[in-house]
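Descriptive structure summary
Each chain is listed here by its residues.
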Amino acid sequence: MRIVQARFVGAFMDPAKCPADRPAIAFTGRSNVGKSSLVNRFCNRVIARTSKTPGRTRQLVYFDLESDRTKPFYLVDLPGYGYAAGPEAERKAFTRAARKLLADPARRAAVVQLVDVSVPWQDSDLEMIEWLLEDDVPFVLALTKCDRVNRSAPARKLAELRTLVSWREDVDVIATSAKDNEGIVPLRKWAEGVLAEAQRATRKE
Ligand code: GDP
């Protein structure tokens with residue numbers, strides 16, 4: 001699919017107040033993982049701001065996307081996790097609320113979980129991945145910055161993950177590089193698939 005239009009909808013502090021009238025694909029990952037760069041590549045236009053102050057915001061940023069192959073959908077840019085910015089109680093409350101949003105099939109079609117292939121596994125990533133697996137949230141693991149490592153690194157990274165969490169082989173993994181445009185077409189194809197699935201599920205209800 002090709003994204004033909006992208007429009008900023010709004011930035012929401014309270015996940016309970018987020019729009020729910022369209023399927024959403026949520027992008028999540030640690031601060032500095034390369035999320036904004038990948039979102040911009042995915043949309044083929046600059047919509048997300050890159051190199052923000054890490055962990056500065058606690059907002060869910062919604063974009064309305066139109067593609068040539070799917071019904072309109074939302075792309076949700078979640079705040080990067082892993083940085084201890086702001087009071088702990090506030091951070092925890094936001095994480096709880098954001099996970100509630102991600103766990104709700106009516107409000108998210110699927111999640112793009114980003115992990116930087118060029119840094120060792122971090123507890124915050126493992127914890128997030130465990131949660132996605134346990135709560136049966138449909139997601140793709142997108143390894144970012146693959147241009148920084150050799151060809152065998154993505155497979156090695158995944159092999160390590162298998163020893164660290166109860167990995168499920170049905171979860172898709174895509175090696176990406178926003179710098180080299182690697183993995184962007186497969187990521188769009190994956191999105192097309194999950195959006196079609198979300199639409200089928202809605203029709204059945
Ligand atoms: P965010 O904080 O997760 O939104 O990450 P950004 O997209 O702002 O990127 C964080 C840093 O990583 C910036 O310095 C980017 O230039 C760099 N970066 C992002 N994607 C890539 C990539 O695919 N390859 C390389 N080498 N650097 C990247």
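Above this text you will find the structure in question.
Residues numbered from 1 in each chain as written. Predicted model: local features only at pLDDT ≥ 70, side-chain atom pairs only at ≥ 80, totals over all residues. Heavy atoms only, no water.

Across its full length, the protein chain carries five helices and seven strands. Listing every helix and strand of the protein chain by position from the N terminus yields β-β-α-β-β-α-β-α-β-α-β-α. Here the C-alpha atoms of the protein chain give a radius of gyration of 16 Å, agreeing with the 17 Å that 2.2 N^0.38 yields for 205 residues. A principal-axis box enclosing the C-alpha atoms of the protein chain has dimensions of 40 × 40 × 35 Å. The buried share among the 205 residues of the protein chain stands at 48%. For the protein chain, contacts bridging at least 24 residues in sequence account for 75% of all contacts bridging at least 6. A total accessible area of about 10600 Å² is found for the protein chain, and carbon and sulfur atoms account for 49% of it. (Helix = DSSP H or I, 4+ residues; strand = E, 2+ residues; numbered from the N terminus. Rg over C-alpha atoms; globule rule 2.2 N^0.38 Å. Buried < 20%, exposed > 50% of the residue type's maximum accessible area, 1.4 Å probe, protein only. Contact = heavy atoms within 4.5 Å. Areas by Shrake-Rupley, 256 points an atom, 1.4 Å probe, with all protein chains shown as cover.)

Taken N-terminus to C-terminus, the directions of helix 1 (residues 35–43) and helix 5 (residues 184–204) make an angle of 75 degrees; their axes are 9 Å apart at the nearest point. One finds that helix 1 runs roughly perpendicular with respect to helix 5. Side by side, helix 1 and helix 5 meet where Leu 38, Arg 41 and Phe 42 of the first sit next to Ile 184, Leu 187, Arg 188 and Ala 191 of the second. (Axes fitted to C-alpha atoms, helices over the stretch in contact; angles between N-to-C directions. Parallel < 35°, antiparallel > 145°, perpendicular 65-115°, else oblique.)

For the rest of this paragraph, the subject is the nonpolar core. Leu 60, Tyr 62, Ile 129, Phe 139, Leu 141, Leu 161 and Trp 167 are the most contacted members of the largest nonpolar core, which has 34 residues in total. Those elements that place two or more of their residues in this core are strand 2 (24–29), strand 3 (60–67), strand 4 (73–77), helix 2 (88–103), strand 5 (110–116), helix 3 (123–134), strand 6 (139–144) and helix 4 (153–164). In terms of residues, this core owes the most to one element, helix 3, which gives six residues. If we skip the residues at most four places from it in the chain, Ile 129 touches Gln 113, Val 115, Trp 121, Phe 139, Leu 141, Leu 161, Val 165 and Trp 167. If you look at the next biggest cluster of nonpolar residues, it comprises 30 residues, including Phe 27, Cys 43, Ala 48 and Leu 195. (Core = buried A, V, L, I, M, F, W, Y, C linked by side-chain atoms within 4.5 Å.)

Under the counting rule described, the total for this entry stands at five aromatic pairs. On the numbers, 5.9 Å between centres and 65 degrees between planes, the contact of Phe 8 with Phe 63 is edge-to-face. Of this pair, Phe 8 sits in strand 1 (residues 3–12) while Phe 63 sits in strand 3, placing them 55 residues apart in sequence. Residue classification places Phe 8 among the partly exposed positions, given a relative accessible area of 48%. The class for Phe 63 is buried, based on a relative accessible area of 4%. (Phe/Tyr/Trp six-rings, centres within 6.5 Å; stacked < 30°, edge-to-face > 60°.)

What follows deals with the environment of Glu 66. Here Glu 66 shows up in strand 3. For Glu 66, a relative accessible area of 35% translates into the label partly exposed. Measuring from C-alpha to C-alpha, the distance between Glu 66 and Arg 2 comes to 8.5 Å, with 64 residues separating the pair along the chain. Those residues in contact with Glu 66 that sit more than four places away from it in its chain are Arg 2, Ile 3, Val 4, Gln 5 and Pro 72.

Think of two packed helices as two axes; the pair is described by the angle between the axes and how far apart they sit. The interhelical angle for the contact between helix 2 and helix 3, taken along N-to-C directions, is 40 degrees, at an axis separation of 11 Å. It follows from the interaxial angle that helix 2 and helix 3 lie oblique. Of the two elements, helix 2 crosses helix 3, and the hand of that crossing is right-handed. In this structure, helix 2 contributes Arg 99, Leu 102 and Ala 103 to the contact, and helix 3 contributes Glu 127, Met 128 and Trp 131. Across the contact of helix 2 with helix 3, the residue classes tally to four nonpolar, no polar and two charged. (Left-handed = near helix turned anticlockwise from the far one by under 90°. Nonpolar A, V, L, I, M, F, W, Y, C, P; charged D, E, K, R; others polar.)

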